[in-house]
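Observations on chain architecture
Take a look at the letters that make up each chain.
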Amino acid sequence: MQAFKLAAGDTFPEVTVSTLKHGDVALGEADAPNDWKLVIVYRGKHCPLCAKYLTQLKDFTGKLAELKVDLLAVSADPIEKVQEQMADLEPTYKVGYGLSIEQMRSLGLYISDPRSPQETDRPFAEPGVFLINDQGTVQMIDISNAPFSRPDLEALVSGIEFIRSNDYPIRGTHH
C-alpha cells in the first residue's frame, strides 16, 4: 500500500486535538500573537528519546515566541499517559494527545505497532516536525520512521529564524 506523504508547500490538513491545558486546538493554526506554528509529533511516554527531546524543547520556547511561532507537541497517547509524563517534564509549551490513526495518516506520519504490551498498548506515530506558515502551508517538514532520526533543535530554531528574517521560500517543491 502506498502511503500518503504530506509535502512541503502543501496546505496543512485540518487536524484538531485535545490538549492538557488549552482545550481543543487545530494543529495548523497559530494562536495570537503568533502567526506561524511548529508542531512536534513524538512517539509517546514509552520513548526515552522523546522525553529527552521534549525536555530540550523547553530551552527554545522563548526564542520561538520571539519569532512569533506557536509551539505544540502531540502524540497518540491517551490523556492519562500524557498527564503522568508531563508532570515529570513540566513543559513550557502546549501538549496535545490522542492522535488517531486517521489523523496520523493525514499528516503522512509513519505509524508503528507496539513491540510488546510493556512498550505501549496502541499504534503510535513515529517522530514528525511541521512548520506551518501564516498561510496554513507546510513551510518545513521532517518525518522519520524511527526515534533515532529527528532534527537538532538548535539547528531547527536557527533555521526558522533565518526563514522568518529573510523571507526564505519553501524549499523542495519542484515536481
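Refer to the preceding data block for the structure.
Okay, so let's go over this structure. In this text the structure is predicted, and so the values were computed from the model without any measurement.

**Let's talk about the environment of Leu 131**
Looking at the secondary structure, you find Leu 131 in strand β8 (residues 128-132). Considered as a pair, Leu 131 and Asp 142 are 11 residues apart in the sequence and their alpha carbons are 9.1 Å apart. Setting aside residues up to four positions removed in sequence, Leu 131 forms contacts with Trp 36, Lys 37, Leu 38, Val 69, Thr 137, Val 138, Gln 139, Met 140, Ile 160 and Ile 163.

**Quick notes on the sheet that holds strand β3 (residues 36-41)**
Across the sheet, which stays open at both edges, the seven strands sit in the order β2-β1-β5-β4-β3-β8-β9 with mixed pairing between neighbours. Pairing within the sheet leaves two strands with one partner each, and these edge strands are β2 (24-26) and β9 (138-143). On average, each strand axis in the sheet is inclined to that of its neighbour by 30 degrees, with strand direction left out of account. Note that β8 and β9 share five bridges and pair antiparallel. Looking at β9, one finds that Leu 131 is bridged to Met 140.

**Let's talk about the packing of aromatic side chains**
What the rule picks out here adds up to two aromatic pairs. Seen from their ring centres, Phe 12 and Phe 130 are 5.5 Å apart, and the 70 degrees between their planes marks the pair as edge-to-face. Taken together, the residues span a long stretch of sequence, with Phe 12 in the segment before β1 (16-19) and Phe 130 in strand β8 at a distance of 118 residues. Seen in terms of ring centroids, Phe 162 and Tyr 168 are 5.4 Å apart; in terms of plane orientation they differ by 70 degrees. Their pairing is edge-to-face. Taking relative accessible area as the criterion, Phe 162 reaches 44% and is therefore assigned partly exposed.

**Quick notes on the pattern of salt bridges**
Within the structure shown, the criterion is met by 10 salt bridges. The residue Lys 63 makes a salt bridge to Glu 161 at a minimum N-O spacing of 3.0 Å. Within this pair, whereas Lys 63 is found in helix α2 (residues 61-66), its partner Glu 161 is found in helix α5 (residues 153-166), the two being separated by 98 residues in sequence. Using a relative accessible area of 31% as the deciding quantity, one classes Glu 161 as partly exposed. Between Asp 121 and Lys 81 there is a salt bridge, with its nearest N and O atoms 3.5 Å apart. Remark: Lys 81 occurs in helix α3 (residues 79-89) and Asp 121 occurs in the loop between β6 (111-112) and β7 (124-125); sequence separation between them is 40 residues. The exposure class assigned to Asp 121 is exposed, which follows from its relative accessible area of 52%.

**Structural notes on the side chain of Glu 126**
With respect to the helices, strands and loops of the structure, Glu 126 is situated in the loop between β7 and β8. Since its relative accessible area comes to 2%, Glu 126 is described here as buried. In this structure the side chain of Glu 126 is engaged in a polar contact, spanning 2.8 Å, whose partner is the side chain of Arg 43. Within polar-contact distance, the side chain of Glu 126 engages the side chain of Ser 112 at 2.6 Å. With sequence-adjacent residues up to four places away left out, Glu 126 is seen in contact with Val 41, Arg 43, Leu 109, Tyr 110, Ser 112, Ser 144, Asn 145, Ala 146 and Pro 147.

Reading guide: rules and limits
Residues numbered from 1 in each chain as written. Predicted model: local features only at pLDDT ≥ 70, side-chain atom pairs only at ≥ 80, totals over all residues. Heavy atoms only, no water. Helix = DSSP H or I, 4+ residues; strand = E, 2+ residues; numbered from the N terminus. Contact = heavy atoms within 4.5 Å. Pairing = 2+ DSSP bridges. Axes fitted to C-alpha atoms, helices over the stretch in contact; angles between N-to-C directions. Phe/Tyr/Trp six-rings, centres within 6.5 Å; stacked < 30°, edge-to-face > 60°. Buried < 20%, exposed > 50% of the residue type's maximum accessible area, 1.4 Å probe, protein only. Salt bridge = Lys/Arg side-chain N within 4 Å of Asp/Glu carboxyl O. Polar contact = N/O pair within 3.5 Å; in protein donor to acceptor, adjacent residues only side chain to side chain.

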